[in-house]
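Residues per chain, in single letters:
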Amino acid sequence: MNKKVLTTLEYDKIKAQLQDFLATPVGRQEADQLQPETDVTVINAWLQETADGVLIDRLKGGIPLAKLADITPHLKRLKINASLSATELSELSTVLRNTNAIAHFFEQMADEAIGDSLQVLPEQAANLATLPTLTQQIEIAIDATGRINDEASFDLKAIRGKITGNEQAVKTKMQGYTRGKTAQYLSDPIVTIRADRYVLPVKAEYRSQFGGVVHDQSQTGQTLYIEPQAVVELNNKLSELRVKEQAEEQRVLQELSAALAPYTEEIARNVAILGHFDFVNAKARLAARLDAMQPVVDPENHVALQQAWHPLLDKNVAVANDIVLGEDYKAIIITGPNTGGKTITIKTLGLLQLMAQSGLFITTKRSSTVGVFHEVFADIGDEQSIEQSLSTFSSHMANIVSMLERIDDRSLVIFDELGAGTDPAEGAALAIAILDKVASLGAYVIATTHYPELKLYGYNRPETLNASMVFDVETLKPTYQFLMGVPGQSNALAIAKRLGFGDDVIGAATALTDESDQDLNQMIADLVAQREAVKQHDAELTQQLKATAEQSEALAAKEAQLERDRARIVLDAKNEANHIVAATKKQAEQLISEIRKERLNAGQQTGQLSEQALQAKKAALDKLRQNDSLEKNKVLQKAKRAKQLAAGDEIVVQSYGQQGTLVKRHSNGQWEVEMGILKMLVDEDDIVKTEATTKAQKTKQKKKQQKIVKTTTAGGSARVSARSSLDLRGVRYEAALTELDRYLDQAVLANLGAVEIIHGKGTGALRKGVTEFLRSDRRVKSFRFANANAGGDGATIAELA
């Protein structure tokens, strides 16, 4: 990308804003070197990085990077086996600690919901070499300020312990001189240090009172700094310990440097990754500052900026406009008055295109599309050059000539006031010729002009569109609104009239105006009026459609609620009926039990209700019970079948109004739906079966029912068969007699001549009840106890009539 256009479109000002958010030398270097890219794969990767960064910044406050020093020289020294200082090792330790923190940060996010949304950055974080053992070793040895800790080695800790002890001894000895009789010989009763040794400020005339060594004197010579003879030996010992301390510290630094040397490549890679994360953080935070959005990159160069504004303007003041180029037309000619916003509009297109190709989000209010241009050329502003003795017109022409030599079908060309600065007739002709030349080269172009001839150019040339900036004649102020499809209207006479010129002047000017110009202005005015009418009609239709949709949803909700209420009322009524039947049945069973007991006790066989009649009445009571389960509740069952879904069903997703196919149901209740090449998860309540699927399921259900009927008919002979014996052992008295009654029905239907009822011996109550039942039953011709070897009186053989 040529550097001139970057300056012209103020691309560097956008890059400068990135510097406000950078914390590492590598990040700042990457921002300095940022340039628009022409490879669509790289552009998309950069934009996805920014998208990941925006998501992390919004949910986590950004990638937690520390402020890092430039450790490149340190790594070079390690490669030649040099020993680093404590400060240099501390800076390296900061990098290693931050590496561990960032790696852990991305590991934690992988376990959270945000981890599924990140596309690029986690993979880059996986390349970080954490080196935990080495990091801990340096942290133990050196603190964040670059001081070597006592724990760096056992010997260092021991030496420093001795130093502390000797210093205390020296201080105690020296402080003895500052008190008592000797204090009178001192200029000040203090202990100080000269040449790393403890000394006393002694008056010159009392030098002989202390002996020892003089290390310094005051400027006047009245005070001598003397190390008393009594502490010379202690200070000598202290000096020896300090030499040992320095030697041990140097050994620790050499040891740590040697441990780091094999990992210089890994550390350098960590520095690069952390610096890149710093750069991504900056891009994300710039997007937040500008309230920018991620664009879609179209390799076919179909540009569609929706509600875009210039990123260097205050978003609360700037007017947002739609700018579309590349799909239906490759050239836009913008006309309109000065200060109307033409220049800022074309700059917005150029700068947002450069930002998108740099992996930066763009300032649009809705999702927008950008192209991939190999070159962007711009001729904007006053190009006058005093040094080269070029006028404004000459300078513009020289710039355009150099552009034409490099333009191709992957270029975006921006002209501001094309052909201005010379005779209007010749300037207009030259502007048309330049536009035709750019069109012949296949480039995309957006140009501003004052020439009325170029208004007709937009109608006469293929793939060319007129546009304008709206001007409010009533207020005499520009609106800065970009209007595509309509050329700019000349407002000079209208403005002059509103400013107070008389009708005579305005009339004379109108008479001098070319009739074709007046017709063109009238045509433009009609187009503007028609456009406003269409916009208003479209807004009304949109409002009506919205109201209709809301009413439809409300009616559907009410209908569903009514269906649920009706089913609930029916269910409640059945439950109430069941309670009544249950109470009645309980009373009937109690009555039957009492009658049966009285009959058995009295031994009467006639004039009483038969056991079969009693059981028949009980069965009639059972039939009164209403089944409130879903299987027998036709209303609820119908509602459930209407909603029942299965994989493979053709359905409609209501919120999108799109038809698709069900793939599978997920555990969270959502369905995976395939719509064309897209697969997505949709709530079950948002899914409606198509008429074809409903009809197919009804046909399948009908066939299934027919199959069941056939199977039942074919197996009818099997059901009328019955066993030749009935075992009632362990069954309670009432239940046993009910079971015996049913069994005799089955035996009669199966044409059995004799059956065996096994009742056991026990207390004899069940045996007695069975005997009484058989005696009163018309289906039984005779009965007797079984043979002794076949159960004796524990079983009864009944001959059926």
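Looking at an unreviewed UniProt entry, one finds the protein named Endonuclease MutS2 and attributed to Leuconostoc lactis. We quote the UniProt Subunit (unreviewed entry) comment for the protein here in full: "Homodimer. Binds to stalled ribosomes, contacting rRNA." Reading the Sequence similarities (unreviewed entry) entry of the UniProt record for the protein gives the comment "Belongs to the DNA mismatch repair MutS family. MutS2 subfamily."

**Here's the deal with the packing of helix α23 (residues 733-749) against helix α24 (residues 765-776)**
Packed helices, taken two at a time, are described by the angle between their axes plus the distance between the axes. As a packed pair, α23 and α24 sit with axes 10 Å apart at the nearest point and diverge in direction by 35°. As for how α23 packs across α24, the hand of that crossing is right-handed. Contacts between α23 and α24 involve Y733, A736, L737, L740, D741 and L744 from the former and A765, L766, G769, V770, F773 and L774 from the latter. Tallied by class, the residues present in the contact of α23 with α24 amount to 10 nonpolar, one polar and one charged.

**Topic: the packing of aromatic side chains**
A full pass over the atoms with the stated rule returns four aromatic pairs. Both rings, one in F105 and one in F106, keep their centres 5.6 Å apart while their planes meet at 85°; by these two values the pair is edge-to-face. For the pair formed by F105 and F106, the shared burial category is buried. Clustering of aromatic rings is evident, with ring pairs tying together F105, F106 and F277. In this arrangement the basic side chain of R194 is found over the ring face of Y225, its NZ or CZ atom lying 4.2 Å from the centre. In this arrangement the basic side chain of K330 is found over the ring face of Y444, its NZ or CZ atom lying 4.6 Å from the centre.

**Notes on helix α12 (residues 342-356)**
The end-to-end C-alpha separation of α12 is 22 Å, in line with the 21 Å expected for 15 residues at 1.5 Å each. Counted residue by residue, α12 has 13 buried out of 15 residues, so it is predominantly covered.

**Topic: the nonpolar core**
In summary, soluble globular proteins display a tendency toward joint burial of nonpolar side chains. Core analysis: the largest hydrophobic core is formed by 52 residues, its most contacted members being L305, I332 and I414. A per-element tally of this core places α12 first, with seven residues. Each residue touching I414, except ones within four places of it in the same chain, is listed here: L9, I346, G350, V376, F377, A378, D379, I380 and I446. Core analysis: the next-biggest nonpolar cluster, separate from the first, contains 41 residues, L55, I56, L75 and I114 among them.

**Things to note about the packing of helix α5 (residues 72-79) against helix α6 (residues 86-110)**
For the pair α5 and α6, the least separation of the axes is 10 Å and the interaxial angle reads 110°. Comparing their axes, α6 and α5 come out roughly perpendicular. As for how α5 packs across α6, the hand of that crossing is left-handed. In this structure, α5 contributes H74, L75, R77 and L78 to the contact, and α6 contributes E88, E91 and L92. Here the residues of the contact of α5 with α6 are counted per class, giving three nonpolar, one polar and three charged.

**Details of the side chain of T135**
Tracing the backbone shows T135 in helix α8 (residues 132-141). Given the relative accessible area of 4%, T135 is considered buried. Beyond its immediate stretch of four places on either side in the chain, T135 contacts L96, R97, N100 and T130.

**Some thoughts on the pairing of strand β11 (residues 411-415)**
Of all five residues in β11, five are buried; the element is thus mostly enclosed. Side chains S411, V413 and F415 of β11 all project onto a buried face; the interleaved residues L412 and I414 project onto the opposite face, where all are buried too. Sheet topology note: the β11/strand β12 (residues 444-449) ladder contains four bridges and is parallel. Counterpart to F415 in the pairing with β12 is A447.

**Quick word on the sheet that holds strand β21 (residues 754-758)**
Strand order across the open sheet formed by four strands is β20-β21-β23-β22, with mixed pairing between neighbours. In the strand order of this sheet, the two ends are held by β20 (725-727) and β22 (780-785), each with one partner. If you compare each strand with its neighbour and ignore which way they point, the axes differ by 20° on average. As paired elements, β20 and β21 share three bridges and run parallel to each other. Bridging across to β21, L726 finds its partner in I757.

**A closer look at the confidence of the model for the protein**
Taken residue by residue, the protein gives an average pLDDT of 81. The fraction at 70 or more is 83%. pLDDT under 50 marks residues 383-389. Its contacts with residues more than four places away, or in other chains, come to nine contacts. Every residue in residues 708-720 scores below 50 in pLDDT, and together they form four contacts with partners more than four places removed in sequence or on other chains.

So, how was this worked out
Residues numbered from 1 in each chain as written. Predicted model: local features only at pLDDT ≥ 70, side-chain atom pairs only at ≥ 80, totals over all residues. Heavy atoms only, no water. UniProt positions renumbered as here; feature names shortened; annotations may be inferred. Axes fitted to C-alpha atoms, helices over the stretch in contact; angles between N-to-C directions. Helix = DSSP H or I, 4+ residues; strand = E, 2+ residues; numbered from the N terminus. Left-handed = near helix turned anticlockwise from the far one by under 90°. Contact = heavy atoms within 4.5 Å. Nonpolar A, V, L, I, M, F, W, Y, C, P; charged D, E, K, R; others polar. Phe/Tyr/Trp six-rings, centres within 6.5 Å; stacked < 30°, edge-to-face > 60°. Buried < 20%, exposed > 50% of the residue type's maximum accessible area, 1.4 Å probe, protein only. Lys NZ or Arg CZ within 6 Å of the ring centre and 35° of its normal. Expected span 1.5 Å × (residues − 1). Core = buried A, V, L, I, M, F, W, Y, C linked by side-chain atoms within 4.5 Å. Parallel < 35°, antiparallel > 145°, perpendicular 65-115°, else oblique. Pairing = 2+ DSSP bridges. pLDDT = per-residue confidence, 0-100.

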